[in-house]
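Given next are the chains, with one letter for each unit.
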Amino acid sequence: EPLAWTVVCPGGLTEESSTGHCRISSELHGEGRTSRELVAQVLVACLDQPNTIGKSFSLLDGEMPIEQALSSV
């Protein structure tokens with residue numbers, strides 16, 4: 001049975017606190033900034049979002065709540 005995977009490509013990592021809001025794009029550019037805390041929150045949220053399996057996307061700080069952003073992956 002194949003292993004389920006998701007690839008998350010964050011922008012430049014910062015020490016800022018997460019706002020819990022992000023911007024996700026299917027283009028893997030990684031330009032922009034992302035807090036380390038937000039990356040961790042998105043990785044954990046991916047575990048509960050089956051639609052992220054087998055997908056790759058970039059992650060930046062943004063305006064959309066994490067769960068809402070992940071639902072469109």
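Here is what the cut-offs are and how they apply
Residues numbered from 1 in each chain as written. Predicted model: local features only at pLDDT ≥ 70, side-chain atom pairs only at ≥ 80, totals over all residues. Heavy atoms only, no water. Buried < 20%, exposed > 50% of the residue type's maximum accessible area, 1.4 Å probe, protein only. Helix = DSSP H or I, 4+ residues; strand = E, 2+ residues; numbered from the N terminus. Arc of directions from axis to C-beta. Contact = heavy atoms within 4.5 Å. Salt bridge = Lys/Arg side-chain N within 4 Å of Asp/Glu carboxyl O. Pairing = 2+ DSSP bridges.

Once that is clear, we can look at helix 1 (residues 36-46). Those residues of helix 1 not exposed but buried are L38, V39, V42, A45 and C46. The arc that holds every buried residue of helix 1, seen down its axis, measures 130 degrees, which confines them to one face. Its buried side turned inward, helix 1 meets strand 1 (6-10), strand 2 (12-14), strand 3 (21-25), strand 4 (33-35), strand 5 (55-61) and helix 2 (66-71).

A few words on the pattern of salt bridges. When the charged atoms of two side chains lie near each other, side chains of opposite charge can form a pair. Counted by the stated rule, this structure contains one salt bridge. One salt bridge in this structure joins R36 and E15, with 3.1 Å as the shortest N-O distance. One end of the pair, R36, is in helix 1; the other, E15, is in the loop between strand 2 and strand 3, and 21 residues separate them in sequence. Classification of R36 as partly exposed rests on a relative accessible area of 41%. Owing to a relative accessible area of 67%, E15 belongs among the exposed residues under this scheme.

Before going further, it helps to spend a moment on the pairing of strand 5. Relative to strand 5, strand 1 runs parallel, the two sharing five bridges. By the bridge assignment, C9 is partnered in strand 5 with S58. Relative to strand 5, strand 3 runs antiparallel, the two sharing four bridges. Each bridged residue has a counterpart across the sheet, and for R23 the counterpart in strand 5 is L60.

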